[in-house]
Amino acid sequence: MGLLKKDLLSWFVGVLFLSAVLLCSADVHHYEFWVRESNFTKLCNTTTLPVVNGSYPGPEIRVDKGDTVYVNVHNQGNYGFTIHWHGVKQPRNPWSDGPEFVTQCPIQPGTNFTYEVILSDEIGTLWWHAHSDWTRGSIHGAIVILPAENETYPFPTPDADQTIILESWYNEDYLQIINRSLATGIPPRQPDAYAINGHLGDTYGCPSDTIFRMQVDYAKTYLLRIINAAMNERKFFTITNHTLTLVAQDASYVKSFTSDYILINPGQTMDVLVSANQNVGQYYMATRPFADSAAPPVDFITTGIFQYTTSDGGLNASLITLPATNDTNATDSFLSRIRNANVTQNPPLNVPTDIDRRVYIAIATNNMPCNTSECLVRDRIVASMNNVSFVFPRIDILQAYYNRNITGVFTEDFPLEPPVFYDFTGNLTTLNPRVNLGTRAVVLNYGEAIEIVLQATNLGAGGGHPIHLHGFSFYWVGTGSGNFNNVTDPSTYNLVDPPLINTVHVPVTGWVALRFFATNPGVWFMHCHFDRHTSWGMDTVFIVRNGTTAETSILPPPPGMPRCPGT
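Residues numbered from 1 in each chain as written. Predicted model: local features only at pLDDT ≥ 70, side-chain atom pairs only at ≥ 80, totals over all residues. Heavy atoms only, no water.

Here we look at the nonpolar core
Put simply, the rule reads: The definition of a nonpolar core used throughout is a set of buried Ala, Val, Leu, Ile, Met, Phe, Trp, Tyr and Cys residues joined through side-chain atoms within 4.5 Å. Burial classification: accessible surface area is computed with a 1.4 Å probe over protein chains only, and a residue below 20% of its type maximum counts as buried, one above 50% as exposed, and the rest as partly exposed. Only DSSP runs of H or I with at least four residues qualify as helices, and only runs of E with at least two residues qualify as strands; both kinds are numbered from the N terminus onward. Only heavy atoms enter the contact rule, under which two residues are in contact if any of them lie within 4.5 Å.
Counting residues in each nonpolar core, the largest one holds 72 residues, and the members touching the most others are F237, F306, F334, I452, L454 and V504. With five residues, the top contributor of residues to this core is strand β18 (residues 282–290). Sequence-distant contacts of F306, that is, excluding residues within four places in its chain, are made with M214, V216, I239, H242, V274, A276, G281, Q282, Y283 and M285.

See the structure below:
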């Protein structure tokens, strides 16, 4: 059980591996992030947004595996926010993880806070973004993690790399959009466009819009670091006439395979090789959303250009071949091919074979009365996990948990299974969709072997969900359609080469199973990476208790933690 018996050896090997990573020539880097309001003109409109260092997207952090990064964030904007280092495990250091009112309170205007970003075994591409309501829409950027000294790629070294960030664009401040929605009860509106690296491309009809161009040389191979930073949209991505080779997901190498397209969820990162081996010319790269719910995103195709050096040939939009926006077969086919790579650059495979605890979570959209003076509807949409719609406190949960003298912030009674079992993926028109509000956490003992089963439901608009867990990478060991069966479905698990990821695609009318060891003490947020669902309450918190030694306990808080409102 847990880390005992046959799992003890693999856990010990993992600890040695992690120690070697941390001790082998790790460097320290320092960045300054200045957040200010800036004007951007797109779609022939000018919008004022908070951004980092005047750019959209923000600056790239480029480091080696196992390095530590200090980022001093100066808030010179109009409202408070936090920064999250998406996919960085932050061993024993939840203080710098970033989710607002979970591990810290917001950095208020006119103040600053320095994050300590501790990298361990992550390799490849991650990203950083604001973690306060919808401000991540304009405050985000890439984290590029290169091989450590004396380490190589597990494939021929590419000639160059290029970050590709897929984004949602609104002609309005993102925070205003969600604040208005929560006040009125009306769902947040659709984006006005999608962007690639801040460029809207040539499909929206505004002559002043720009298009992203990636310059390439014939016969060279490029590593694309693709990040889905969109607010509520899963994305297909392709480059016309070129084959994409997936080599990594969520900062972990996978068994490489080729495809004409990828499907990437909000929050996920994928590393893709592409060879410039076609006739010299210009080729469209393109992205469009994927939808499988009754509330689909707006179906825009956004373009960039994969441009060979010295070429000025024409572009042919008819050559763009993306799956249809509702093509679930294309999504399932792509995702089913992802497997963990057995390479030394990855952490040693350490999948729990026996579990100490299963947390079975039904995820849903629900409704409850809208009873404020600004409401425009009788019922407003909320979202839930196990019928609990998460309420963000005004004092962060980590501070309350660590100090113990602060009470009334959260409870330790999140239900470990749905309070009522029903046909989750069947016809639910007669089911009462009401929920309970609360700030309820799951508490785990250090070292426990954990399984989380995430069950999609047909409540509300239904559809799939991208679920992200902070503080951990987990093994995606199983997936299926219909309702999870705890007797028969575990026999279908992949315990041999499951992907090691931090954000998982929960399929429409289906389920996924995740496994990991709870060896990172702290307070860790889990939520849907559709931001509207996070705002509506499709969230919870996992608290991992300290182990028995200082090395298995939460680090002390750093100086200068942002003060909570009213304290």
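Now that the structure has been shown, the text picks up again.
What about the pairing of strand β17 (residues 269–275)?
The line we're drawing: Pairing between strands is defined by DSSP: at least two bridges between them are needed.
For β17, the tally of buried residues reaches six of seven residues, placing the bulk of the element in the interior. Where strand β12 (residues 221–228) meets β17, seven bridges bridge the pair, whose relative direction is antiparallel. Note that in β17 the partner of L224 across the bridge is V272. Note: strand β14 (residues 244–249) against β17, four bridges, orientation antiparallel. Residue pairing in the sheet places Q249 in a bridge with M270 of β17.

Concerning helix α3 (residues 328–335)
The test is simple: The arc in question is traced by the directions running from the helix axis to the C-beta atoms.
Residues of α3 that are buried: A330, T331, F334 and L335. Buried positions in α3, seen along its axis, are confined to an arc of 120° and lie on one side of it.

With respect to the confidence of the model for the protein
Quick reminder of the rule: A score from 0 to 100, pLDDT tells how confident the predictor is in each residue.
Predicted confidence across the protein gives a mean pLDDT of 94, with 95% of residues reaching 70 or more. Taken as a whole, residues 3–23 scores under 50 in pLDDT and shows 31 contacts with residues more than four places along the chain or in a different chain.

What about the state of the cysteines?
So the rule is basically this: The disulfide criterion is simple: two cysteine sulfur atoms within 2.5 Å.
Scanning all chains against the criterion turns up three disulfides. Note on cysteine connectivity: C105 is disulfide-linked to C564, with sulfurs 2.0 Å apart. Because the sign of the S-S torsion sets the handedness, a value of about 85° for the bond joining C105 and C564 places this disulfide among the right-handed ones. Here C105, found in the loop between β5 (83–86) and β6 (112–118), pairs with C564, found in the segment after β32 (539–544); they are 459 residues apart in sequence, far enough to count as distant. Of the residues examined, C105 reaches a relative accessible area of 0% and is grouped as buried. Each bonded cysteine in the protein gets a number by its place in the sequence, and the pairs come out as 1-3, 2-6, 4-5.

Comments concerning the packing of aromatic side chains
Two numbers describe a pair of aromatic rings. These are the distance of the centres and the angle of the planes. Worth spelling out the cut-off: In this analysis, rings of Phe, Tyr and Trp, with Trp reduced to its six-membered ring, are considered paired at centre separations within 6.5 Å, and the interplanar angle assigns stacked below 30 degrees, edge-to-face beyond 60, and tilted for intermediate values.
Scanning the model with the defined rule gives 30 aromatic pairs in all. Taken together, a centroid distance of 6.0 Å and an interplanar angle of 85° make the contact between F155 and Y253 edge-to-face. Of the two residues, F155 is situated in the loop between β8 (140–146) and β9 (160–169) and Y253 in strand β15 (residues 252–259); the sequence distance between them amounts to 98 residues. By the burial criterion, F155 is buried, and Y253 matches it. Seen in terms of ring centroids, F236 and F290 are 5.7 Å apart; in terms of plane orientation they differ by 70°. Their pairing is edge-to-face. Of this pair, F236 sits in strand β13 (residues 234–239) while F290 sits in strand β18, and the two are 54 residues apart along the sequence.

Some thoughts on the sheet that holds β8
Heads up, the condition is: A fitted line through C-alpha atoms serves as each axis, taken over the contacting stretch for helices, and the angle formed by two N-to-C directions is quoted from 0 to 180°.
Spatial ordering of the open sheet is given by β3-β8-β7-β5, a layout of four strands whose pairing is mixed. Here the strands that pair on one side only, and so sit at the sheet edges, are β3 (61–64) and β5. If you compare each strand with its neighbour and ignore which way they point, the axes differ by 20° on average. The pairing of β5 with strand β7 (residues 124–130) spans four bridges and is classified as antiparallel. Counterpart to I83 in the pairing with β7 is A130.

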